[in-house]
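# Structural overview for review
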Amino acid sequence: MHLLRQLRQLNGLRSLRQSARQVSNAPTKPATLQYERDPQPLFTDAETQRLLQSMTQLNLDRVFRKRTVPDNSVETKFMTDEQLDSEFQHMVERAKHMLQMPPIVTIKKDEERIIAKDPALKDFASSKYVFTDITFGLRQSERKVVVRETDGTLAYANLETTKRMNQLYSPLEGRQSYIPRMFLLEELLAKCLAEHKYEFVLDRLLVQYEPHEPEFHNISARVFEHLNESKQFDLLRSTRHFGPMAFFYAWHRCIDDLLYDMIRRDFLSNAVELIALSYKIHNVPVEYLPTLAQLDALQITPAQRALSELRSVFRNRGEQQGIEQEIHTAIGKTEQDFAADEISLKFIEQYIASEHALKKVQLELAVQTLKEVNREKLLLFQGLKKAHGVQAS
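Described below are features of the structure shown in this document.

## Here we look at the overall build of the protein
Summing up its helical and strand segments, the protein has 18 helices and four strands in all. Taking as baseline every contact in the protein between residues at least 6 positions apart, the subset at least 24 positions apart corresponds to 74%. Carbon and sulfur atoms make up 53% of the accessible area of the protein, which amounts to about 24300 Å² in all.

Written out as structure tokens, the structure is:
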């Protein structure tokens, strides 16, 4: 009786695992938009990476915000001015490292790769043998996992077995041996999306799945599609997921909602970069490089801007701010910014007038509103400089 009970429990466990495996093959409803070809060459292109990094922006307050982690302690140090400036530079480099984007690659398909067939070993054992390379210091993608089948065939393990063995011998921190319920149950994922927990879902997705797995593509596409409906793009700005999101929209020709958000927030240079990225991906015959070069000449990089803001916050209290700098701070723009805005708006209007824009009326209203705001700021800027006798630089 005891043996019979154990057999029933074992059969029940097997059926449970089989049902869980069937559910995990399609944890959520499929996304509408998928990559029809390998996006990796375009995504890793140097020019594409520069555009995506610039669009992501480098907001140190957001990058280093407090999180729900085991250690959120604060360390206080006494430093000289030189040490403080060195720490600022190190902080900007750390922020750039934290904003490194996860790769976008094509879905890897299982392929049978037979090493050798040994009929003499057929029925040598009643179960398979799995051999895993556990050499210290190797990345999981470099480890070899092979399987000896019961018929004597020696072949490389499939993707599922390889991932399971790697996690067994070289576990990644945070990755579970089971599928998290938020990816297993559609209603839980839908709840997270409805509550706009996009960064939380994408961070968890990066830990649990590899970028080449179908689940990674399906769930990330679901998140980006929901974001495009909710228009909460700012929740991913200055995170490592903003670049892949912008690339996803540019690839699938649906950049207008994100473009509208950039215009509304007065991120015009980012709007130009988004349009240029779309032109690049789809080989649109529009010369965008001269416009990007003009903007680069007028504006500093996000890293330089972040470092400049750090240095300005810790300016010596006894140091007086110049009249011209006070005017720039009060208006929020410099002469170079106004010149860059004029170039950007001209390029954006050309896009809106083209056949590639899908939401022309919405974009035209956003541009017109921003033009009026900028006109008022420019008049005030010029009036303040004239009143204080500041010469135009």
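## Observations regarding the nonpolar core
Grouped together as the largest cluster of nonpolar side chains are 65 residues, with contacts concentrated most on Met-55, Met-245, Tyr-249, Leu-258, Ile-263, Ile-348 and Tyr-351. Looking at which element gives the most residues to this core, the answer is helix H13 (residues 268-281), with nine residues. Apart from the residues within four sequence positions on either side, Met-245 is in contact with Phe-224, Leu-227, Phe-233, Leu-236 and Leu-258. Ranked by size, the runner-up nonpolar core spans 10 residues in total, among them Phe-88, Ala-95, Leu-99 and Ala-306.

## Points about the sheet that holds strand S1 (residues 114-117)
Strands pair in a sheet through their backbones, by hydrogen bonds, and they do so in one of two ways: parallel or antiparallel. Spatially, four strands are ordered S1-S4-S3-S2 in an open sheet, and the strand pairing comes out antiparallel. Two strands in the sheet have a free side with no partner beyond their single neighbour: S1 and strand S2 (129-132). Adjacent strand axes in the sheet meet at a mean angle of 15° when their direction is disregarded.

## Notes on the side chain of Ser-230
Mapped onto the secondary structure, Ser-230 falls in helix H10 (residues 214-230). In this structure Ser-230 comes out as buried when scored by relative accessible area, which is 19%. Setting aside chain neighbours within four positions, we find Ser-230 in contact with His-196 and Tyr-198.

## Quick look at a nonpolar patch on the surface
A grouping of Ile-134, Leu-168 and Tyr-169 is seen on the molecular surface, where their side chains present a nonpolar patch of about 340 Å² in accessible area. Position of Leu-168 relative to the elements: it lies in helix H6 (residues 159-169).

## Overview of the packing of aromatic side chains
Tallied over the full model, the rule gives 12 aromatic pairs. On the numbers, 5.2 Å between centres and 80° between planes, the contact of Phe-43 with Phe-247 is edge-to-face. Of this pair, Phe-43 sits in helix H2 (residues 40-43) while Phe-247 is found in helix H11 (residues 242-251), placing the two residues 204 residues apart along the sequence. A relative accessible area of 0% places Phe-247 in the buried class. Ring centres 5.8 Å apart and planes at 40° place the aromatic pair Phe-247 and Trp-251 in the tilted group. Highlighted residues: Phe-247 and Trp-251, both in helix H11, separated by four residues, approximately one helical turn. The exposure class assigned to Trp-251 is buried, which follows from its relative accessible area of 4%. Taken together, the aromatic side chains of Tyr-35, Phe-43, Phe-224, Phe-233, Phe-247, Phe-248, Tyr-249 and Trp-251 make up a single cluster linked through ring pairs. Just above the ring of Tyr-156 sits the side chain of Arg-113; from NZ or CZ to the centre is 4.5 Å.

Analysis parameters
Residues numbered from 1 in each chain as written. Predicted model: local features only at pLDDT ≥ 70, side-chain atom pairs only at ≥ 80, totals over all residues. Heavy atoms only, no water. Helix = DSSP H or I, 4+ residues; strand = E, 2+ residues; numbered from the N terminus. Contact = heavy atoms within 4.5 Å. Areas by Shrake-Rupley, 256 points an atom, 1.4 Å probe, with all protein chains shown as cover. Core = buried A, V, L, I, M, F, W, Y, C linked by side-chain atoms within 4.5 Å. Buried < 20%, exposed > 50% of the residue type's maximum accessible area, 1.4 Å probe, protein only. Pairing = 2+ DSSP bridges. Axes fitted to C-alpha atoms, helices over the stretch in contact; angles between N-to-C directions. Patch = residues over 30% accessible without salt bridge, like charges linked within 9 Å, V, L, I, M, F, W, Y side chains within 5 Å. Salt bridge = Lys/Arg side-chain N within 4 Å of Asp/Glu carboxyl O. Phe/Tyr/Trp six-rings, centres within 6.5 Å; stacked < 30°, edge-to-face > 60°. Lys NZ or Arg CZ within 6 Å of the ring centre and 35° of its normal.

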